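Each chain, letter by letter, is given below.
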Amino acid sequence: EAQPARATVGEVYDFLVDDLTEAASLMGSTKPSSYGSKEAALALLSRVYLYMEENELANETADLVINSGRYELVDTETLPIYFTINNEQRSESIFAIRHVMPADDHGRNHGVGSMIYQTASGAGWGENYVSKAYRDLIDQYPDDVRRQFIEPQYERDENGDIIMENGEPVLRTRNGFPRYYVNKFNFLEGTETGNSPELIRYSEIWLNKAEALAKLGREQEALDIVNMFRERAGIPTSGHYSLGDLGEHDTVLDVVLEERRLELLFEGHRAHDLYRNKRDLFRDYPGTHLAPGNPGVNVEEGTQFISWESTRIIFQIPEQELELNPNLVQNPLN
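Residues numbered from 1 in each chain as written. Predicted model: local features only at pLDDT ≥ 70, side-chain atom pairs only at ≥ 80, totals over all residues. Heavy atoms only, no water.

Participant: I tried to follow helix H8 (residues 252-263) on my own but got confused; where do I start?
Facilitator: In an α-helix, one turn spans 3.6 residues; hence positions three or four apart end up facing the same way. Here H8 is 12 residues long and its end C-alpha atoms lie 17 Å apart, about the 16 Å a rise of 1.5 Å per residue gives. The buried fraction of H8 is high, at 11 of 12 residues. Among the residues of H8, Val252, Leu253, Asp254, Val255, Val256, Leu257, Glu258, Glu259, Arg260, Leu262 and Glu263 are the ones counted as buried. Along its buried surface, H8 packs onto helix H2 (38-52), helix H5 (132-138), strand E8 (198-201), helix H6 (202-215), helix H7 (219-232) and helix H9 (270-276). (Helix = DSSP H or I, 4+ residues; strand = E, 2+ residues; numbered from the N terminus. Expected span 1.5 Å × (residues − 1). Buried < 20%, exposed > 50% of the residue type's maximum accessible area, 1.4 Å probe, protein only. Contact = heavy atoms within 4.5 Å.)

See below:
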């Protein structure tokens, strides 16, 4: 019978903080990442504090996870195959949905990686690709092992050999867009479409800390964390940052947000990272996002612009919920 009115954003944050704080106080830390734990609650709380712009608390809470001693960043050699390992054996896995192979293999239609990958046997749809902007960014350093998460797809002849034109391999396309698959969410324990989705990863906690430190003015500490990730990725020291050399970036925060983009590819953070930092989304490269009628699209220029203030980035409340509870108010569409 309850038909509550909508809570404010502040009330929702208060609920999350209280809930996660209590959870962390009640839970232990003995089970693997397939289960909730004290550290899982604290890890999510560090993200919540970061979104709230409570940067000191975000940093302190991240430290509680880091200092627990339960997790460890994987080495350079392991990083490209990290997601193929059982989540309970991953040293960075804080909270994940355990899929047991092959019983929980969801195949082509329902696998997590289906939309972004298609195997040689045809499993998966492979309909969404890595953007040119991301490829240009990560290709700046050929030694970056995170490039191995991206697989360009080439045209092949009847013998299976890659077709070459003017000395260059010919890329496969779909609707005119080059196919660059992401293999992050496939091949769990050797199963083509297998994946145990990682909801909270240790790398994110370090990057939460780096962002909080940058905003607190502790910029060298933030850069030290970024450089730790770049060293782990195999980027030479010439590609590391210092307070006297931020490359093409204006601020240390820009450096941190770019490293989050590189490290957390297709893990669901990028749009949130932009909008919550009051940054607009701008795409000036080919892709299905340029379809006429999509928000912010300029067909003639081949660009898409979405302001961080746009109401289109706020999800709509399902119509059924509005019918059940007349005290709810729909979010604006325009």
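Participant: How should I be thinking about the environment of Ala222 in this particular structure?
Facilitator: Here Ala222 shows up in helix H7. With relative accessibility at 0%, the residue Ala222 sits in the buried group. Between the C-alpha atoms of Ala222 and Leu64, which are 158 residues apart in sequence, the distance is 17 Å. For Ala222, the contacting residues outside a window of four places in its chain are Ala210, Leu213, Ala214, Val252 and Val256.

Participant: What should I look at first to understand the sheet that holds strand E10 (residues 297-298) in this one?
Facilitator: To summarise the sheet geometry, strands pair through backbone hydrogen bonds and adopt either a parallel or an antiparallel arrangement. With antiparallel pairing, three strands are arranged side by side in an open sheet as E9-E11-E10. The open sheet has two free edges, formed respectively by strand E9 (281-283) and E10, since each of these has just one partner strand. As defined by bridge partners, E9 adjoins strand E11 (residues 303-306) across three bridges and the pair is classed as antiparallel. By the bridge assignment, Leu281 is partnered in E11 with Ile306. (Pairing = 2+ DSSP bridges.)

Participant: Even after reading the chapter, I still don't get the pattern of salt bridges, so can you show me in this structure?
Facilitator: Considering all chains together, one arrives at 25 salt bridges under this definition. The closest approach of N and O atoms between Glu127 and Arg174, which form a salt bridge, is 3.0 Å. With a gap of 47 residues between them, Glu127 in the loop between helix H4 (107-110) and H5 and Arg174 in strand E5 (residues 173-174) connect regions that are remote in the sequence. Residue class for Glu127 comes out partly exposed when judged on its relative accessible area of 28%. The exposure class assigned to Arg174 is partly exposed, which follows from its relative accessible area of 29%. A salt bridge links Glu211 to Arg276; the shortest N-O distance between them is 2.7 Å. In this pair, Glu211 is assigned in helix H6 and Arg276 in helix H9, connecting sequence segments 65 residues apart. (Salt bridge = Lys/Arg side-chain N within 4 Å of Asp/Glu carboxyl O.)

Participant: Please explain a negative patch on the surface as it appears in this structure.
Facilitator: Where like charges cluster on the molecular surface, the negative patch consists of Glu11, Asp14, Asp18, Asp19 and Glu22. Looking at where Glu22 falls in the secondary structure, it is placed in helix H1 (residues 9-26). For Glu22, a relative accessible area of 46% translates into the label partly exposed. (Patch = residues over 30% accessible without salt bridge, like charges linked within 9 Å, V, L, I, M, F, W, Y side chains within 5 Å. Areas by Shrake-Rupley, 256 points an atom, 1.4 Å probe, with all protein chains shown as cover. Lys, Arg positive; Asp, Glu negative; His and termini not counted. Charge placed at Lys NZ, Arg CZ, Asp CG, Glu CD.)

Participant: Which parts of the structure should I look at to understand the packing of aromatic side chains?
Facilitator: The geometry of an aromatic ring pair is captured by the separation of the ring centres together with the interplanar angle, meaning the angle of the planes. Going through the model one piece at a time under the given rule, you end up with eight aromatic pairs. The interplanar angle of 35° and the centroid separation of 6.0 Å between the aromatic rings of Tyr129 and Tyr181 together place this pair among those described as tilted. Of this pair, Tyr129 sits in the loop between H4 and H5 while Tyr181 is found in strand E7 (residues 180-182), placing the two residues 52 residues apart along the sequence. By relative accessible area, which is 16% here, Tyr129 ends up buried. (Phe/Tyr/Trp six-rings, centres within 6.5 Å; stacked < 30°, edge-to-face > 60°.)

Participant: Which parts of the structure should I look at to understand the nonpolar core?
Facilitator: One broad trend across soluble globular proteins is that nonpolar side chains are buried collectively. One finds Val65, Ile94, Tyr202, Ile205, Trp206, Val252 and Val256 to be the most contacted residues of the largest nonpolar core, which totals 38 residues. Elements with a minimum of two residues in this core: H1, H2, helix H3 (55-66), H6, H7 and H8. The contact partners of Ile94, leaving out residues within four places of it in the chain, are Ser33, Glu39, Ala40, Ala43, Val65, Tyr71, Ile200, Arg201, Tyr202 and Ile205. Leu79, Ile116, Leu137 and Val182 belong to the second-largest nonpolar core, a separate cluster that totals 17 residues. (Core = buried A, V, L, I, M, F, W, Y, C linked by side-chain atoms within 4.5 Å.)

Participant: What am I meant to see in unusual backbone geometry here?
Facilitator: Leave glycine aside and you will find that most residues have negative phi; peptide bonds, for their part, are mostly trans. Of note, the amide linkage connecting Met101 to Pro102 takes the cis form, showing an omega dihedral of 0°. Along the chain, Pro102 turns up in the loop between strand E1 (93-96) and H4. Positive phi outside glycine occurs at Asn166, with the angle close to 55°. Note that Asn166 resides in the loop between strand E3 (164-165) and strand E4 (168-169). Exposure remark for Asn166: the relative accessible area of 84% places this residue in the exposed category. Despite not being glycine, Phe266 shows a phi value in the positive range, around 60°. Within the fold, Phe266 resides in the loop between H8 and H9.

Participant: Any chance you could explain a nonpolar patch on the surface here in plain terms?
Facilitator: Taken together, the side chains of Val12, Phe15 and Leu16 make up a nonpolar region of the molecular surface, amounting to roughly 260 Å² of accessible area. Residue placement: Leu16 occurs in helix H1. Residue classification places Leu16 among the partly exposed residues on the basis of a relative accessible area of 31%.

Participant: Honestly, the environment of Gly28 in this entry has me stumped. Any pointers?
Facilitator: With respect to the helices, strands and loops of the structure, Gly28 is situated in the loop between H1 and H2. With 11 residues separating them along the chain, Gly28 and Glu39 place their C-alpha atoms 8.5 Å apart. Residues within four places of Gly28 in sequence aside, it is in contact with Ser37 and Lys38.

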